[in-house]
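Residue-level listing of the chains:
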Amino acid sequence: MEGSGPRLSDEGHKIYRIRQTCMKMLEKRGYNVLQEHVSMTSEAFLQQYGPEPNRHDLTLLVEKVDDPMDQIFVFFPDDEKVGVKPIRSYSEKMLEEEVKRAIIVIKGGITPFARSAIQELCAQREVQVEDFKDAELMLDITEHTLVPEHQVLSSEQKAELLKRYKLKDTQLPRIQSTDPVARFFGMQKGQVCKITRPSETAGRYVTYRLCI
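Residues numbered from 1 in each chain as written. Predicted model: local features only at pLDDT ≥ 70, side-chain atom pairs only at ≥ 80, totals over all residues. Heavy atoms only, no water.

- Per UniProt, the protein chain has the following entry under Subcellular location (unreviewed entry): "Nucleus".
- The annotation that UniProt attaches to the protein chain under Sequence similarities (unreviewed entry) is "Belongs to the archaeal Rpo5/eukaryotic RPB5 RNA polymerase subunit family." (UniProt positions renumbered as here; feature names shortened; annotations may be inferred.)

Next up, the structure:
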């Protein structure tokens, strides 16, 4: 009977959507993500991971398109509230693979001790660890009609911009590092993004913002 085969559970479908958003996020940050992974259908996801996917099986490790040494892990802990134990495990994995960046996708929350462990890890090893809740990654917010196009400038592009307009970066309008779009792009303090909005008179309107 057609359609009687296995299907993704509700939780499985949620994880599929989250993983697809992660793929798009990594691609937009300039990481080398296979197009077949970005456009993976729920049927292909089901075939690879089964109707009840194990979050640990979804771990990703990708490298920057223009710098293969710049790699990032994406971890999907199974705990409802992430504690210190998985953080230590991820820390060891990063050390073992010599990876300096990671994203942790958490179901519900993270304990104060685990948060402290992340801060300690970042300080001691000079690594960058971000965390997103499942709910924040159900959709790619940059695809929302109300969100204008954002492009994070390279160091060279930022220097050229400041030179062209004879500005200091502190003279630019600002965007908080906690802003949802800044977080999506992984913006760090001191980076500048170019924001392009449609304009009825000029066709498009471009502004620049400094991440603080």
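Right, picking up where we left off after that structure.
**What about the UniProt feature "domain: RNA polymerase subunit H/Rpb5 C-terminal" (unreviewed entry) in the protein chain?**
- Within the UniProt annotation, "domain: RNA polymerase subunit H/Rpb5 C-terminal" (unreviewed entry) is assigned to residues 140-211.
- Helix makes up 22% of residues 140-211 and strand 32%, with an end-to-end C-alpha separation of 20 Å. (Helix = DSSP H or I, 4+ residues; strand = E, 2+ residues; numbered from the N terminus.)

**Quick notes on the packing of helix α1 (residues 10-28) against helix α3 (residues 42-49)**
- Where α1 meets α3, the axes come as close as 11 Å, and the angle between the chain directions of the two elements is 110°. Relative to α3, the element α1 is oriented roughly perpendicular. For the pair α1 and α3, the sense of crossing is right-handed. Each of Gly12, Ile15, Tyr16 and Arg19 in α1 lies in contact with α3, whose residues at this interface are Ser42, Phe45 and Tyr49. (Axes fitted to C-alpha atoms, helices over the stretch in contact; angles between N-to-C directions. Parallel < 35°, antiparallel > 145°, perpendicular 65-115°, else oblique. Left-handed = near helix turned anticlockwise from the far one by under 90°. Contact = heavy atoms within 4.5 Å.)

**Side note on the domain arrangement of the protein chain**
- Here the protein chain is described as being made up of domain 1 (10-136) and domain 2 (143-211).
- The gap between the C-alpha centroids of domain 1 and domain 2 is 26 Å.
- Both faces considered, domain 1 and domain 2 share a buried interface measuring about 760 Å² in area, 48% of it formed by carbon and sulfur atoms.
- On the surface where domain 1 and domain 2 come into contact, there are two salt bridges.
- Where lysine 24 meets glutamate 143, a salt bridge forms, and the shortest distance between an N and an O atom there is 3.4 Å.
- Applying the counting rule to domain 1 against domain 2 returns five residue pairs in polar contact (both at pLDDT 80 or more).
- Taken together, the elements giving at least two residues each to the side of domain 1 that touches domain 2 come down to α1 and β6 (128-133).
- Here the side of domain 1 that touches domain 2 is composed, by residue class, of two nonpolar, two polar and six charged. (Domains from an automatic or database assignment. Buried area = accessible area lost by both parts, 1.4 Å probe. Salt bridge = Lys/Arg side-chain N within 4 Å of Asp/Glu carboxyl O. Polar contact = N/O pair within 3.5 Å; in protein donor to acceptor, adjacent residues only side chain to side chain. Nonpolar A, V, L, I, M, F, W, Y, C, P; charged D, E, K, R; others polar.)

**Details of the pairing of strand β10 (residues 203-211)**
- In terms of strand pairing, strand β8 (residues 174-175) meets β10 through two bridges, oriented parallel. Looking at the pairing, isoleucine 175 lines up with cysteine 211 of β10.
- Pairing of strand β9 (residues 192-199) with β10, which is carried by eight bridges, proceeds in the antiparallel orientation. Its bridge partner lying in β10, proline 198 is registered against arginine 204.
- With antiparallel pairing between neighbouring strands as the criterion, β9 and β10 make up a hairpin whose turn holds three residues. (Pairing = 2+ DSSP bridges.)

**Quick word on the packing of aromatic side chains**
- Tallied over the entire structure, the rule returns five aromatic pairs.
- Where phenylalanine 45 meets tyrosine 49, the ring centres are 4.9 Å apart and the plane angle is 45°; that geometry is what we call tilted. In this pair, phenylalanine 45 and tyrosine 49 both sit in helix α3, four residues apart, roughly one turn of the helix.
- Look at phenylalanine 45 and you get buried, because its relative accessible area is 0%.
- Residue tyrosine 49 is classed as buried on the basis of its relative accessible area, which comes to 16%. (Phe/Tyr/Trp six-rings, centres within 6.5 Å; stacked < 30°, edge-to-face > 60°. Buried < 20%, exposed > 50% of the residue type's maximum accessible area, 1.4 Å probe, protein only.)

**Topic: the side chain of histidine 150**
- If you trace the backbone, histidine 150 turns up in strand β7 (residues 149-152).
- Since its relative accessible area comes to 15%, histidine 150 is described here as buried.
- Of the polar contacts made by the side chain of histidine 150, one reaches the backbone oxygen of proline 148; its length is 2.9 Å.
- If we ignore the near neighbours within four places in the chain, the residues touching histidine 150 are Val181, Phe185, Cys193, Lys194 and Ile195.

**Concerning helix α5 (residues 112-125)**
- Here α5 contains 14 residues, and its C-alpha end-to-end distance of 20 Å stays within 8% of the 20 Å for a straight helix at 1.5 Å per residue.
- Check the buried side of α5 and you find it contacts β3 (81-82), α4 (84-97), β4 (101-106), β5 (109-110) and β6.
- Phi for glutamate 126, located one or two positions after α5, is positive at around 55°. (Expected span 1.5 Å × (residues − 1).)

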